[in-house]
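So you can see what is in the structure, the chains are spelled out below.
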Amino acid sequence: MLNDLFAQRVNPDVPSALSGLFPQDADPRAISFAAGSPNESLFPVAAMQTAFDTAIAQTGAHLFQYQTAQGNPDLRAKLAAHIGKWGQVTTTADNVVLTVGGQQAIELVAKALLNVGDEVAVEVPTYVGALAAFDLYQPTYHAVPLQADGLDLDQLEETLKRHPQIKLLYTVPDYHNPTGITMSVTKRRELVALANRYDFIILEDSPYRDLGYEHAPLPAIKSFDTEGRVVFVSSLSKILMPGLRTGWLVADNDLLAAIMRVRVASDLETGNVVHAAIDAYLDANDLDAHITALKTSYREQCAAMVHALGAYFPDDVSYTQPVGGFFDWVTLPEEIDAAALLRDTVIPQAHVSYVPGTNFYPGRDVHNSLRLCFTGLTPAVIDAGMHRLGDAVKGAVRGVKPVV
């Protein structure tokens, strides 16, 4: 059997955390709140087409030659300036690495740090793509609950005392995926102090930090880093286009060297043509103005979803009220299995889809929650879909089937 030759990390009997994540419904009435996709009507397609033409015209054949594994230096400098714009992280192009989306950045950090059985702390719920990346290295997980202002640091410290071998902590501090929660400044500072005290590395994953509806980005956790133990990861997928597949990370000294060592073993090169085009786009266009347009649209879509949750869902359902990002998190009564509800009722009868919350827990042991994404739909479609979903949830709470 060929399967007997596979590495244990790709055991076909153990499903990936990403498998089956986005349920399909061919019905023409189907409305999906599942995929965390930006609104493609807001993509700067014409400006990006011009940027590709400009990059090719300026550099010619050499643009298609081998370049550098760390990525386009001009674009790296711009991204270093971008994270430093709010007076937060002082860094240079030398500390920035361009990656194939933020997902590759997460996987590179996991590859550089984790041996089989190593101990990893994750907030719960947490980003499912990070779990998929970590799972390949078969870590031992320690789940730390989220509070309204981010990680429960008291619980984290108790966990660190009991498990001093924890090597890595993963967090999404800004407009969290999947809950929409944002970590407070106080907790960001205290988290770095804990990392210094207990000797672990923080992987700060922040692809949504530019998409706050009410205020400028809070200081990055990396801005409080005094010992080079925070890796900051972000992506242009949420503020430009996912198809550009451009993420980036910031790391220092030995940690940066370790990441680059596994990077060159993975792909040796970066997407030079794409990165040159992005650099040309940033030279010719106002990124801040584009982000402002995104926030204006997403703010309206988020408000539509929060309003619908209050209007159409039963009182014993709770939900977050995000002030940025893409997502809202819904908690159902404990006796309701969100995955079974989706499979048996919501898709076949209401023709609505979401991501069951169990996917966002390393132990897959919490079943009464779900993630909703609002960014790809108009407020009118959000309202219609949420009305149908709310009726389905009400039926489940009452133990009856909904009428759609």
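Here's what I pulled together on the structure shown here. It should be emphasised that the depicted structure is a prediction, and the values quoted were computed from it without experimental measurement.

## Describing the nonpolar core
Then comes step 1: Counting residues in hydrophobic clusters, the biggest one holds 64 residues, and the most contacted among them are Phe 33, Leu 332, Val 346, Tyr 354, Leu 372, Met 386 and Leu 389.
Then comes step 2: For this core, the element with the highest residue contribution is helix 9 (residues 287-312), accounting for eleven residues.
Then comes step 3: When neighbours within four sequence positions are excluded, Leu 332 is seen to be in contact with Val 317, Ala 338, Leu 341, Asn 368, Leu 370 and Val 393.
Then comes step 4: Membership of the second largest hydrophobic core comes to 36 residues, among which are Ala 133, Val 231, Leu 249 and Phe 360.

## Notes on helix 6 (residues 185-198)
Then comes step 1: With 14 residues, helix 6 should cover 20 Å at 1.5 Å per step; its first-to-last C-alpha distance of 20 Å lies within 8% of that length.
Then comes step 2: Taken as a whole, helix 6 has its buried residues at Lys 187, Arg 188, Leu 191, Val 192, Leu 194, Ala 195 and Tyr 198. Looking straight down helix 6, one finds that the buried residues subtend no more than 160° of arc, so they occupy a single side.
Then comes step 3: Check the buried side of helix 6 and you find it contacts strand 4 (140-147), strand 5 (150-151), helix 5 (153-162), strand 6 (166-171), strand 7 (201-205) and strand 8 (230-235).
Then comes step 4: Phi turns positive one or two residues past the end of helix 6, at Asp 199, with a value near 60°.

## Some details on the layout of surface pockets
Then comes step 1: What the second largest pocket holds in volume is close to 300 Å³.
Then comes step 2: Thr 59, Leu 63, Asn 72, Asp 74 and Ala 276 are, among the 17 residues lining the second largest pocket, the residues nearest its centre.
Then comes step 3: Going through the elements one at a time, helix 1 (45-59), helix 2 (73-84) and helix 8 (272-284) are the ones with two or more residues in the lining of the second largest pocket.
Then comes step 4: The residue makeup of the lining of the second largest pocket, split by class, is five nonpolar, nine polar and three charged.

What counts, and where the lines are drawn
- Residues numbered from 1 in each chain as written.
- Predicted model: local features only at pLDDT ≥ 70, side-chain atom pairs only at ≥ 80, totals over all residues.
- Heavy atoms only, no water.
- Core = buried A, V, L, I, M, F, W, Y, C linked by side-chain atoms within 4.5 Å.
- Buried < 20%, exposed > 50% of the residue type's maximum accessible area, 1.4 Å probe, protein only.
- Helix = DSSP H or I, 4+ residues; strand = E, 2+ residues; numbered from the N terminus.
- Contact = heavy atoms within 4.5 Å.
- Expected span 1.5 Å × (residues − 1).
- Arc of directions from axis to C-beta.
- 1 Å grid on protein atoms, 1.4 Å probe; cavity = no way out; pocket = protein on both sides within 12 Å on 5 of 7 lines; lining within 4 Å.
- Points joined across faces, edges and corners; volume = space filled by probe spheres on them.
- Nonpolar A, V, L, I, M, F, W, Y, C, P; charged D, E, K, R; others polar.

Scope: geometric values only; no functional claims are made or implied.
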